[in-house]
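Architecture at a glance
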Amino acid sequence: MAESKRDYYEVLGVSKDADEATLKKAYRQVAKKYHPDMNPGDAEAEKKFKEASEAYAVLSDPEKRRQYDQFGHAAFDGSAGAGGGYGGFDFNGADFGDIFGDIFGDLFGGGRRGGRANQGPMKGMNIRKSVRITFEEAVFGCEKELDVVLKDPCPKCKGTGAKPGTSPETCPKCGGKGQVVYTQQSFFGTVQNVQTCPDCQGTGKIIKEKCPDCGGTRLSKRARLPKLCGITLADACKMSLSELVEWVNHVPDALPEEMRLMAENICESFQMVAKRLMDLGLGYLSLDRAASTLSTGERQRMQLARAVRNRTTGVLYVLDEPSIGLHPSNIVGLTDVMHDLIADGNSVILVDHDTQILSEADWLVEMGPKAGADGGRIIAQGTIPEIEANPDSQIGTFLKEMHPIYRKKASEQEMFSLGTIHLSTDAIHTVKPLEADIPKGRLTVVTGVSGSGKTTLILESLIPALESMINGTKLPSHVKNITAEDIEQVKLIDAAPIGINVRSTVATYANVHDELRKVYAKLPDAKEAGYKAGDFSYNTGKLRCPTCDGTGSISLDVQFLPDVEVPCPDCHGSRYNRDAGNIKRKTKSGELYSLPELMDMDVQQALRACEDMKKICSRLQIIKDLGLGYLTLGEATPNLSGGEAQRLKLASEMERKQDASVFVFDEPTIGLHPLDVQTLLKVFDRLVSKGATVIVIEHDLDVIRNADYIIDMGPGGGEAGGRIIAKGTPEEIASDRGSITGKYLR
């Protein structure tokens, strides 16, 4: 007989109404007392330590704590609650299907709603495994551990989905880290970019051969056996949400009379949740979609749908740029969700730049007037009409005059006069066979709702095909043909972080720091002290701070908690020791600055301080022209936002002739204010003027309106998309009644 578990509150020694701070304090005390390092070889202490950790993991999570208070340990041992019955899934935030876990548990199993005991013929065993995912790193800058729980797993593969005897292997591409580092050579030197591993999709594991028994579904035969309207639970989880909505509509009629009322209630619950997700543009996702493959925007929309489903009251929701990755049609669904949250008595604070969503605000607070040191103030606040009438507002103009034209576009007659890139593909994923023509030397924007096939067309088909053509290698299996005369290079400018090393800064990336070191080494004071250029390096030089070793920060080891990074107490983040501050250079205007002081300046200030250094000024001017004049020279490049990283990568390309180049941008407007979008369009125009072919995957209407040529994918997402439904100038797309994008251009 299994040993019964102690009450979690008793384990931590707290009452049931203990708040988060009390729980944390109690856990630290218990964990410290019984930590294995403090009690080597003591099995009883190790047991109590694990018990305390398990208790804290449940009670510190509001949702898990609610379930525990209602069902006790049964909420987590597979004997009650959501996902009961025939091998239901219970994914704690790990799969898209977790929102529907209880509903599908009822449809395919014998469980009852409301968390009552499982009435199915089996309770199912749990398999827990830790999956390291990275989809939130762009937001939080860290990795997050999730537990995946599978009930009644396949006995042959033990729930892994891999062929018996093989098991999921450590991904050889990323070494199990879920990330890969790409090293690129640029005008400014060697750059390292970190991206989610494409082979394992961030999980760190790959399955070379699927289990022959379960076919990779991870479910046992008994769990795969029950059928409803001709399909099993495994089949249902493979379907997209859009397909499932249609299927669920027919479920009640397929059941005996006495079961229909119950089925109608269950299906009604499904449709309510599904409608929200469909409105938010997630209809193309399948229920077995792993969370590690979800984008930040997809994840955020799932959480919003869950919040509406829970019907909370009196909660403050803070949303950080929820419009990321959303087509204008999906933003309508997003605003509906927010209005529902408010109608239920909640409050919503939204941080965003999209004028379509800002126009729905009851009250708007605008920060500015500029970025960095020139911002940080409230310049306007009020209702939308008040903001539009406020002369100090930067966003007011864009709320009044939607989507102005900023650049001269190519006419329909001259569109393909510089040449054509032709791509022919077979079907892949949900994308149908395509024939796509892209004008050379123009700005082409690829549009369409989420999941319509934009990424597959450009990132998985066009770029690999061009690279194969340029390198003389075999085309991807699904690409039938690629024609692109005189194209010699293709560059993907994405939002992946620049490097992973905190020693990489804006100054080192732009190769400005090396030039500054040489200049300071030639100063009389430096020569008198015997300093060489290498001594001014904060990586290896004599003048680097010995306390932080030139990183500008130190790591504090907090027991039982993640390490905390704080500014170095000696150099205060400058990376240099005090001696470096004594070597000062007089500028053209007569001011004296040390190298640490220059590194603390933003690009605009540094331009004034370095106006008599032509080489350095030219490189800094390019960064300013890209709209990044507010960045400090000492800013660590891994800390840059996706949009900042994207523009900084362009710096080395701005002065070259680009007739033989194709530049691909994947949603470059993420996090950009409309004024920054203007700057970005100027960058695109500058590249086009140099002869480059610029291709942009985008939802932003300002960018779409300013395109020379548009390829609109759709009409829907998933199986409902994957076709080119419209192509031509923005005016032609606007007049096409079959284009969803065109509706928002009219």
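Residues numbered from 1 in each chain as written. Predicted model: local features only at pLDDT ≥ 70, side-chain atom pairs only at ≥ 80, totals over all residues. Heavy atoms only, no water.

With respect to the overall build of the protein chain
Per the secondary structure count, the protein chain includes 27 helices and 24 strands. The buried share of the protein chain, taken over its 746 residues, is 50%. In the protein chain, once contacts between residues fewer than 6 apart in sequence are set aside, the share between residues at least 24 apart is 65%. Working note: accessible area of the protein chain is about 34,900 Å², and carbon and sulfur atoms make up 50% of it. (Helix = DSSP H or I, 4+ residues; strand = E, 2+ residues; numbered from the N terminus. Buried < 20%, exposed > 50% of the residue type's maximum accessible area, 1.4 Å probe, protein only. Contact = heavy atoms within 4.5 Å. Areas by Shrake-Rupley, 256 points an atom, 1.4 Å probe, with all protein chains shown as cover.)

A look at unusual backbone geometry
The residue after glycine 368, namely proline 369, is reached through a cis peptide bond having omega 5 degrees. By the secondary structure assignment, proline 369 is in the loop between strand S10 (364-368) and strand S11 (377-382). Here the bond from glycine 714 into proline 715 is cis, since omega is 5 degrees, no more than 30 degrees from zero. Here proline 715 shows up in the loop between strand S23 (709-714) and strand S24 (723-728).

Topic: the packing of aromatic side chains
A complete count under the given rule lists eight aromatic pairs for this structure. Their ring planes at 80 degrees and their centres at 6.0 Å tell us that tyrosine 538 and tyrosine 576 sit as a pair that is edge-to-face. Remark: tyrosine 576 occurs in the loop between strand S18 (564-567) and strand S19 (584-586) and tyrosine 538 occurs in the loop between helix H19 (524-529) and strand S17 (553-556); sequence separation between them is 38 residues. Owing to a relative accessible area of 1%, tyrosine 538 belongs among the buried residues under this scheme. (Phe/Tyr/Trp six-rings, centres within 6.5 Å; stacked < 30°, edge-to-face > 60°.)

Overview of the pairing of strand S21 (residues 661-666)
Within S21, five of the six residues are buried, leaving the element largely enclosed by the surrounding structure. In the sheet, strand S16 (residues 489-493) pairs with S21 via five bridges, with the strands oriented parallel. When the bridges of S21 are listed, valine 490 appears paired with valine 662. Sheet topology note: the S21/strand S22 (residues 693-697) ladder contains five bridges and is parallel. Pairing of aspartate 666 across the sheet is with isoleucine 697, part of S22. Note on the crossover from S21 through helix H24 (residues 674-689) to S22: the handedness is right-handed. (Pairing = 2+ DSSP bridges. Right-handed = clockwise from strand over helix to strand, strands pointing away.)

So, a nonpolar patch on the surface
A grouping of Trp363, Val365, Met367 and Ile378 is seen on the molecular surface, where their side chains present a nonpolar patch of about 430 Å² in accessible area. For valine 365, a relative accessible area of 43% translates into the label partly exposed. (Patch = residues over 30% accessible without salt bridge, like charges linked within 9 Å, V, L, I, M, F, W, Y side chains within 5 Å. Salt bridge = Lys/Arg side-chain N within 4 Å of Asp/Glu carboxyl O.)

Observations concerning the sheet that holds S21
Here we have six strands laid out as an open sheet, ordered S16-S21-S22-S14-S23-S24, and mixed in their pairing. Two strands close off the open sheet at either side, each with one partner strand: S16 and S24. Along the sheet, successive strands turn relative to each other by an average axial angle of 20 degrees, direction set aside. The pairing of strand S14 (residues 443-447) with S23 spans four bridges and is classified as parallel. Residue pairing across strands places valine 446 opposite isoleucine 711, the latter belonging to S23. Sheet strands in contact with helix H16 (residues 454-471) are S14, S16, S21, S22 and S23, and its direction is about 145 degrees off that of S16. (Axes fitted to C-alpha atoms, helices over the stretch in contact; angles between N-to-C directions.)

Some points on the environment of glutamate 412
Locating glutamate 412 in the fold gives a position in the loop between helix H15 (396-400) and strand S12 (420-425). Once residues lying within four places of it in the same chain are set aside, the contact partners of glutamate 412 are Thr729 and Glu732.

Some thoughts on the sheet that holds S12
A sheet is described by the order of its strands in space; here three strands give the open sequence S13-S12-S15, paired in antiparallel fashion. Each end of this open sheet is capped by a strand with a single partner; those strands are strand S13 (434-439) and strand S15 (479-483). Here the strands of the sheet are splayed against their neighbours by 10 degrees on average, with no regard to which way each runs. The strands that H16 touches are S12, S13 and S15; relative to S12, the one it contacts most, it runs at about 110 degrees.

Let's talk about H24
When the terminal C-alpha atoms of H24 are compared, their 22 Å separation across 16 residues agrees well with the 22 Å that a helix rising 1.5 Å per residue should span. Of all the residues in H24, the buried ones are Pro674, Val677, Thr679, Leu680, Leu681, Val683, Phe684, Leu687 and Val688. Glycine 691, located one to two residues past H24, shows a positive phi value of around 100 degrees. (Expected span 1.5 Å × (residues − 1).)

So, the side chain of aspartate 535
Within the secondary structure, aspartate 535 is located in the loop between H19 and S17. Although aspartate 535 is buried, it forms no salt bridge, and the closest oppositely charged side chain is lysine 542 at an N-O distance of 4.5 Å. Only 2.7 Å separates the side chain of aspartate 535 from the backbone nitrogen of lysine 532, close enough to count as a polar contact. (Lys, Arg positive; Asp, Glu negative; His and termini not counted. Polar contact = N/O pair within 3.5 Å; in protein donor to acceptor, adjacent residues only side chain to side chain.)

Looking at the pattern of salt bridges
Across all of its chains, the model carries 21 salt bridges by this definition. Between aspartate 426 and lysine 480 there is a salt bridge, and its shortest N-O distance comes to 3.9 Å. Of this pair, aspartate 426 sits in the loop between S12 and S13 while lysine 480 sits in strand S15, and the two are 54 residues apart along the sequence. For aspartate 426, a relative accessible area of 33% corresponds to the partly exposed category. Looking at lysine 480, the relative accessible area reads 47%, which means it is partly exposed. Across the pair glutamate 515 and lysine 615 runs a salt bridge, and its minimum N-O distance is 3.5 Å. Remark: lysine 615 occurs in helix H22 (residues 614-628) and glutamate 515 occurs in helix H18 (residues 512-521); sequence separation between them is 100 residues. Taken together, the shared-partner salt bridges in this structure form one network comprising Lys275, Arg276, Asp279 and Asp340.

Observations concerning the state of the cysteines
Overall, the coordinates contain zero disulfides when judged by the stated rule. Here cysteine 571 stays free of any disulfide, with the sulfur of cysteine 548 as its closest cysteine sulfur at 3.7 Å. (Disulfide = S-S within 2.5 Å.)

Some words on the nonpolar core
Leu516, Phe536, Leu650, Phe665 and Val694 are the most contacted members of the largest nonpolar core, which totals 69 residues. Not counting residues up to four positions away in its chain, the partners in contact with leucine 516 are Leu595, Leu598, Cys610, Met613, Ile616 and Leu633. Membership of the second largest hydrophobic core comes to 41 residues, among which are Leu228, Leu241, Leu255 and Leu304. (Core = buried A, V, L, I, M, F, W, Y, C linked by side-chain atoms within 4.5 Å.)

Let's talk about the confidence of the model for the protein chain
Here the protein chain averages 79 in pLDDT, and 79% of its residues register 70 or above. Segment residues 110-151: pLDDT under 50, and 127 contacts once partners within four positions in sequence are set aside and those in other chains are kept. Between residues 182-194, whose pLDDT stays under 50, and residues either more than four places distant or in other chains, the model counts 47 contacts. (pLDDT = per-residue confidence, 0-100.)

Things to note about helix H10 (residues 257-279)
Between the first and last C-alpha of H10 there are 32 Å, a value that for 23 residues agrees with the 33 Å anticipated at 1.5 Å per step. Roughly 25 degrees is the biggest bend found in H10, and it falls at alanine 263. Inspection of H10 places Ala263, Ile266, Cys267, Phe270, Val273, Ala274, Arg276 and Leu277 among the buried residues, and these make up the whole buried set. The first or second residue beyond H10 is glycine 281, which carries a positive phi of 80 degrees. (Bend = angle between axes of the 7 residues up to and from the residue.)

Here's the deal with the side chain of arginine 276
Within the secondary structure, arginine 276 is located in helix H10. Apart from the residues lying within four places of it in its own chain, the contact partners of arginine 276 are Ala305, Val308, Asp336, Val337 and Asp340.

What about the packing of helix H2 (residues 20-34) against helix H3 (residues 43-59)?
Contact geometry for H2 and H3: axes closest at 8 Å, N-to-C directions at 165 degrees. In terms of orientation, H2 and H3 fall into the roughly antiparallel class. Crossing hand, H2 versus H3: left-handed. Between H2 and H3, the contacting residues are Leu23, Lys24, Tyr27, Val30, Ala31 and Tyr34 on the first element and Ala45, Glu46, Lys48, Phe49, Ala52, Ser53, Tyr56 and Leu59 on the second. (Parallel < 35°, antiparallel > 145°, perpendicular 65-115°, else oblique. Left-handed = near helix turned anticlockwise from the far one by under 90°.)

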